[in-house]
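Breakdown of the fold
Listed below, chain by chain, are the residues.
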Amino acid sequence: GFLPPGFWQMVQAALHDPKAQRCEYFRGMSMLSDRELWTCRRICVFDEGKAEVVVRVLGKRQQTFFGMMETNQALIARMRGVEMAMAEAVIEVAGRFAGLNLAMSLLTPLDVADGQASKERMNAALLAMVTRNSEVQLAYAERHQRGMDSTWLRQVFA
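Residues numbered from 1 in each chain as written. Predicted model: local features only at pLDDT ≥ 70, side-chain atom pairs only at ≥ 80, totals over all residues. Heavy atoms only, no water.

Some points on the overall build of the protein chain
If you tally the helices and strands in the protein chain, you get 3 helices and 4 strands. Helices (α) and strands (β) of the protein chain occur, in sequence order from the N terminus, as α-β-β-β-β-α-α. Contacts in the protein chain between residues far apart in sequence, at least 24 positions, make up 43% of those at least 6 positions apart. (Helix = DSSP H or I, 4+ residues; strand = E, 2+ residues; numbered from the N terminus. Contact = heavy atoms within 4.5 Å.)

Quick look at the environment of F46
Residue placement: F46 occurs in strand β3 (residues 40-47). On a C-alpha basis, the gap between F46 and W8 in space is 7.1 Å, while along the polypeptide they are 38 residues apart. Excluding residues that lie within four positions of it along the chain, F46 makes contacts with L3, F7, W8, V11, Q12, G28, M29, E52, V53 and N133.

Some remarks on the confidence of the model for the protein chain
In this model, the protein chain carries an average pLDDT of 77, and 76% of its residues clear a pLDDT of 70 or more. Mean pLDDT values for the elements of the protein chain range from 73 in helix α3 (residues 116-145) up to 89 in helix α1 (residues 7-15). (pLDDT = per-residue confidence, 0-100.)

Some details on a nonpolar patch on the surface
A surface patch of nonpolar side chains, amounting to about 490 Å² of accessible area, comprises F65, F66 and M68. Locating M68 in the fold gives a position in the loop between β4 (52-59) and α2 (72-94). Given the relative accessible area of 56%, M68 is considered exposed. (Patch = residues over 30% accessible without salt bridge, like charges linked within 9 Å, V, L, I, M, F, W, Y side chains within 5 Å. Areas by Shrake-Rupley, 256 points an atom, 1.4 Å probe, with all protein chains shown as cover. Salt bridge = Lys/Arg side-chain N within 4 Å of Asp/Glu carboxyl O. Buried < 20%, exposed > 50% of the residue type's maximum accessible area, 1.4 Å probe, protein only.)

Topic: the sheet that holds β4
Reading across from one edge, β1-β2-β3-β4 is the order of the 4 strands in this open sheet, with antiparallel pairing throughout. The open sheet is flanked by β1 (22-26) and β4, the only strands paired with a single partner. Within this sheet the neighbouring strands show an average axis-to-axis angle of 10°, counted without direction. Two strands pair when backbone bridges link them, and strand β2 (residues 29-33) and β3 are joined in this way by 5 bridges, in the antiparallel orientation. When the bridges of β3 are listed, S30 appears paired with C44. Docked against the sheet, α2 engages β3 and β4, running at close to 155° with respect to β4. (Pairing = 2+ DSSP bridges. Axes fitted to C-alpha atoms, helices over the stretch in contact; angles between N-to-C directions.)

Some thoughts on the nonpolar core
Generally speaking, a soluble globular protein has its nonpolar side chains buried in company with each other. Of all hydrophobic cores here, the largest spans 21 residues; its most connected members are F7, V11, C44 and F46. Secondary-structure elements contributing two or more residues to this core are α1, β3, β4 and α2. In terms of residues, this core owes the most to one element, α2, which gives 7 residues. Not counting residues up to four positions away in its chain, the partners in contact with C44 are V11, L15, G28, M29, S30, V53, V54, V55 and M86. Grouped together as the second largest cluster of nonpolar side chains are 6 residues, M29, M31, I43 and M129 included. (Core = buried A, V, L, I, M, F, W, Y, C linked by side-chain atoms within 4.5 Å.)

Re the side chain of S30
Position of S30 relative to the elements: it lies in strand β2. We classify S30 as buried; its relative accessible area is 1%. Ignoring anything within four residues of it in the chain, the contact list for S30 reads Q12, E24, Y25, R42, I43 and C44.

The structure is reproduced here in structure tokens:
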């Protein structure tokens, strides 16, 4: 698999929400949180080893207009809407790269983790992906240093 240079930066720009309370961008990962903290958190992770893009939405029930808590069905529908918008943004950006065929389907049902075991399974999969990205970056750096007579290191702080 291959994610071309600039792909994940363009996806992060497409997903950026100026109304979000918090936006955090990392190499290969971004996270946005709604103004009402913990109501909805959007995570996008790029698996450089497998050339996959994973969008993940975490939601918390909101209080309705009448003071009651949002139903589980309403929460899932709201999360599905956010997930669809994120997936469409990724697909739109992928369309700008000729030959990049991401096998992303908008018809895939949303995998909902509402029990502790399923949450732990999803968290473990996400952590494995982030770890794999670090290993891919380390292998890349190692390949480019192999056979060199010397290596220079300079830390620059702005």
